[in-house]
Amino acid sequence: MKNLIRALSLVLIVSFVLLYIVNRLNTAQGYTGEHTITVYNWGDYIDPELLEQFEDETGIKVIYETFDSNEAMLTKIEQGGTSYDIAVPSEYMIDKMKQEDLLLPIDHAQLPNLKNIDPRFLNLAFDENNEYSIPYFWGTVGILYHPDKVSDEIDFKQWDDLWHPSLKNDVLLVDGAREVIGFGLNSLEYSLNETDKGRLLEAKNKLDTLTPNIKAIVGDEIKLLMQNNEAAVAVLWSGTAQDAMWENESLEYMVPEEGSNLWFDNMVIPKTTKNREAAHQFINFMLDPKVAAQNAEYVGYSTPNKAALPHMDEETTSDERFYPDEEQTAKLEVYENLGKQMLAYYNELFLEFKMHRK
């Protein structure tokens, strides 16, 4: 009898230990539960203090993971190994994720702070009535430069200025297919959402002629390189530019007149969620005016939260380079989901362009 009791006790102990280990592994891998959510976001794209504040206010633990491209984010969510409760994709990827049935509808009744969002950033074509996404940040793609390091002949009102001979080995490009192929298209006065393969190849061939001027194609380090005067010019996102300009006041930012990208990153709830109610709580928390203001000042990108603007530095919110008015934004294009085959072609051209440099 004693041996039986000992055996049962040992089984119970082993079971509890295994259960504990599984729970720890699940938490480490982003599996969420009643008092935990996993947020999947771009790198350096939220004020860490706000995560702590959300945890203190709600008692919900936040597991925070990052990605460096929309495509990497999509692959991870498609694999389904991690139960993400919140993700922050860009507009064209939201459209794609909707089509692939990867998102849950958002219950606006659980988001009283949604009223704080500027109406011009709601009900856009990629997500009508914001059924699946809520605005997080927005901005443009443009040119950051050191005025004292470029020729007086250059003002970057045209994309073609990047090809100026004086910029040999002095231009940085952000490592993004839509961004780079996009400004190639813009320089030819074609749409950012071009699907004609002849025009796309024409843009790629023109980009090949930019090779002598390209110093590097880089990721997040582009900001630090420009702050430290490692290059004269960079093509990048407006928020990254603004962040660099805070650190180096000699920098300037310009969106060329031929046009450029108007982008949006929105919060979504993937179908992998295990805590839908807490996901709504997190979105509503991020829509609070003071929270949105603090987040925008930390990240450096433009907030769509109209109620947050009075809580921010007026010098920032009145700067039309980063908060362009409706007339200016009307000249810009939002990336569309061009479909798997066409996006693959964009990526193929971009890879060929990068290989051409070697």
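Given the structure is predicted, the values throughout are model-derived calculations rather than measurements.

Rules of the game
- Residue numbers restart at each chain and count upward from 1, following the sequence in its written direction.
- Confidence filtering applies because this is a predicted model: local features only for residues at pLDDT of at least 70, side-chain atom pairs given and counted only at 80 or more, and all residues used for totals across whole chains, interfaces and linings.
- Heavy atoms from the whole structure form the basis of all side-chain values; hydrogens and water molecules are not counted.
- By definition, any uninterrupted DSSP run of H or I lasting at least four residues is a helix, any uninterrupted run of E lasting at least two residues is a strand, and each is numbered from the N terminus.
- Remark: exposure states derive from per-residue accessible area (1.4 Å probe, protein chains only) relative to the maximum for the residue type, with buried under 20%, exposed over 50%, and partly exposed in between.
- In this text, buried Ala, Val, Leu, Ile, Met, Phe, Trp, Tyr and Cys residues form a nonpolar core when linked through side-chain atoms within 4.5 Å.
- Contact definition: two residues touch when any of their heavy atoms are within 4.5 Å.
- Paired strands are those between which DSSP finds at least two bridges.
- With the strands aimed away from the viewer, a crossover counts as right-handed if its path from the first strand over the helix to the second runs clockwise.
- Think of it this way: a Phe, Tyr or Trp ring, Trp meaning its six-membered ring, pairs with another when their centres are within 6.5 Å, and the plane angle makes it stacked under 30 degrees, edge-to-face over 60, tilted otherwise.
- Every angle, taken between N-to-C directions, lies between 0 and 180 degrees, and every axis is a line fitted to C-alpha atoms, over only the stretch in contact when it is a helix.

**Q** Quick rundown of unusual backbone geometry? Include the residues and the values.
**A** If you check the backbone angles, Asp-101 has positive phi at about 60° while not being a glycine. Along the chain, Asp-101 turns up in the loop between helix H4 (91-99) and strand S4 (134-145). Non-glycine residue Phe-156 carries a positive phi angle of around 60°. Secondary-structure assignment places Phe-156 in the loop between S4 and strand S5 (171-174). Taking relative accessible area as the criterion, Phe-156 reaches 0% and is therefore assigned buried.

**Q** Let's hear about the nonpolar core: which residues, and what values?
**A** Core analysis: the largest hydrophobic core is formed by 112 residues, its most contacted members being Leu-162, Phe-183 and Val-233. A total of eight residues in this core trace back to one element, the largest contributor, which is S4. In this structure Phe-183 touches Trp-159, Leu-162, Trp-163, Leu-173, Leu-207, Leu-210 and Val-235, once residues within four positions along its chain are discounted.

**Q** Outline the environment of Tyr-132, supporting the account with residue identities and numerical values.
**A** Checked against the element boundaries, Tyr-132 lands in the loop between H4 and S4. Residues within four places of Tyr-132 in sequence aside, it is in contact with Lys-98, Leu-103, Leu-104, Pro-105, Ile-106, Asp-127, Met-267 and Val-268.

**Q** Tell me about helix H8 (residues 238-247), and please be specific about residues and values.
**A** When you tally the buried positions in H8, you get eight out of 10 residues, the bulk of the element. Residues of H8 that are buried include every one of Ser-238, Gly-239, Thr-240, Ala-241, Gln-242, Asp-243, Ala-244 and Met-245, and no others.

**Q** Describe the pairing of strand S2 (residues 61-67), with residues and values.
**A** In terms of strand pairing, strand S1 (residues 36-42) meets S2 through seven bridges, oriented parallel. Opposite Thr-38, over in S2, you have Ile-63 as the bridge partner. Chirality of the crossover, the property in question, places the unit of S1, helix H2 (residues 48-58) and S2 among those that are right-handed.

**Q** Requested: an account of the packing of aromatic side chains, with residues and values cited.
**A** Across all of its chains, the model carries 21 aromatic pairs by this definition. Relative to Phe-183, the ring of Trp-159 has its centre 5.2 Å away and its plane inclined at 20°; by these criteria the two rings are stacked. Residue Trp-159 is located in the loop between S4 and S5, and its partner Phe-183 is located in helix H5 (residues 177-187); the two are separated by 24 residues in the primary sequence. For Phe-183, a relative accessible area of 1% corresponds to the buried category.

**Q** If you had to explain the sheet that holds S1 to someone new, which residues and values would you point to?
**A** Within the open sheet, the three strands sit side by side as S2-S1-S3. Their pairing is parallel. Taken across any chain shown, the strands that pair with only one partner, and hence form the sheet edges, are S2 and strand S3 (86-87). When S1 meets S3, the two strands line up parallel, connected through two bridges. Following the sheet pairing, Val-39 is matched in S3 by Ile-86. Helix H3 (residues 70-79) rests against S1, S2 and S3 of the sheet, and its axis sits at about 150° to S1. Strand contacts of helix H9 (residues 276-286): S1 and S3, with the helix running at about 50° to S1, the strand carrying the most contacts.

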